[in-house]
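Observations on the three-dimensional arrangement
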Amino acid sequence: MRDTERIIMIMRYVYVCDSFLKDEYLNKLDNYTKSNNTYIEEILELYRAKIRYEAFKEFCHNIDRILYGWQ
């Protein structure tokens, strides 16, 4: 497997993970906003999903900087 093929596979993986984490966060946010009774556990799960998504976005940004040499 060539380096370019590996990079393409990594980019696909990042795209799939980004979609999964974004959907997870948006689902929890939607459930939180539509629910009349919210428990502390649900709020913590919402913040956990938000933090995971934001951390992953930062990770992706760093990968882009490494691959494409952005400043």
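Structure report, in brief. (Residues numbered from 1 in each chain as written. Predicted model: local features only at pLDDT ≥ 70, side-chain atom pairs only at ≥ 80, totals over all residues. Heavy atoms only, no water.)

As for the packing of aromatic side chains
- Applying the stated rule across the entire model yields 2 aromatic pairs.
- Considering the side-chain rings of Tyr25 and Tyr53, the 6.3 Å spacing of their centres and the 10° angle between planes classify their relative orientation as stacked. Here Tyr25 is found in helix H1 (residues 3-34), whereas its partner Tyr53 is found in helix H2 (residues 40-68), with 28 residues between them in sequence.
- Classification of Tyr25 by relative accessible area gives buried; the value is 16%.
- Note on Phe56 and Phe59: the rings are 6.0 Å apart at their centroids and 40° apart in plane angle, and the pair reads as tilted. Within this pair, Phe56 and its partner Phe59 are both found in helix H2, separated by 3 residues, close to a single helical turn.
- Its relative accessible area of 13% is what places Phe56 among the buried residues.
- Residue classification places Phe59 among the partly exposed positions, given a relative accessible area of 44%. (Phe/Tyr/Trp six-rings, centres within 6.5 Å; stacked < 30°, edge-to-face > 60°. Helix = DSSP H or I, 4+ residues; strand = E, 2+ residues; numbered from the N terminus. Buried < 20%, exposed > 50% of the residue type's maximum accessible area, 1.4 Å probe, protein only.)

Quick look at the pattern of salt bridges
- This structure, assessed with the given rule, holds 5 salt bridges.
- Between Asp3 and Arg6 there is a salt bridge, with the nearest N and O atoms lying 3.8 Å from each other. A residue pair is termed a helical-turn pair when its members lie 3 or 4 positions apart in one helix, as Asp3 and Arg6 do in helix H1 at 3 residues.
- Given a relative accessible area of 44%, Arg6 falls into the partly exposed group.
- Note that Arg48 is salt-bridged to Glu45, the shortest N-O span being 3.9 Å. Taken together, the positions of Arg48 and Glu45, both in helix H2 and 3 residues apart, correspond to about one turn of that helix.
- Classification of Arg48 by relative accessible area gives partly exposed; the value is 43%.
- Within this structure, Lys28, Glu45 and Arg48 form a network of salt bridges that share partners. (Salt bridge = Lys/Arg side-chain N within 4 Å of Asp/Glu carboxyl O.)

Observations regarding the state of the cysteines
- Here the structure, examined in full by the defined rule, presents 0 disulfides.
- With no disulfide of its own, Cys17 lies 8.1 Å from the sulfur of Cys60, the closest cysteine sulfur.
- Look at Cys17 and you get buried, because its relative accessible area is 18%. (Disulfide = S-S within 2.5 Å.)

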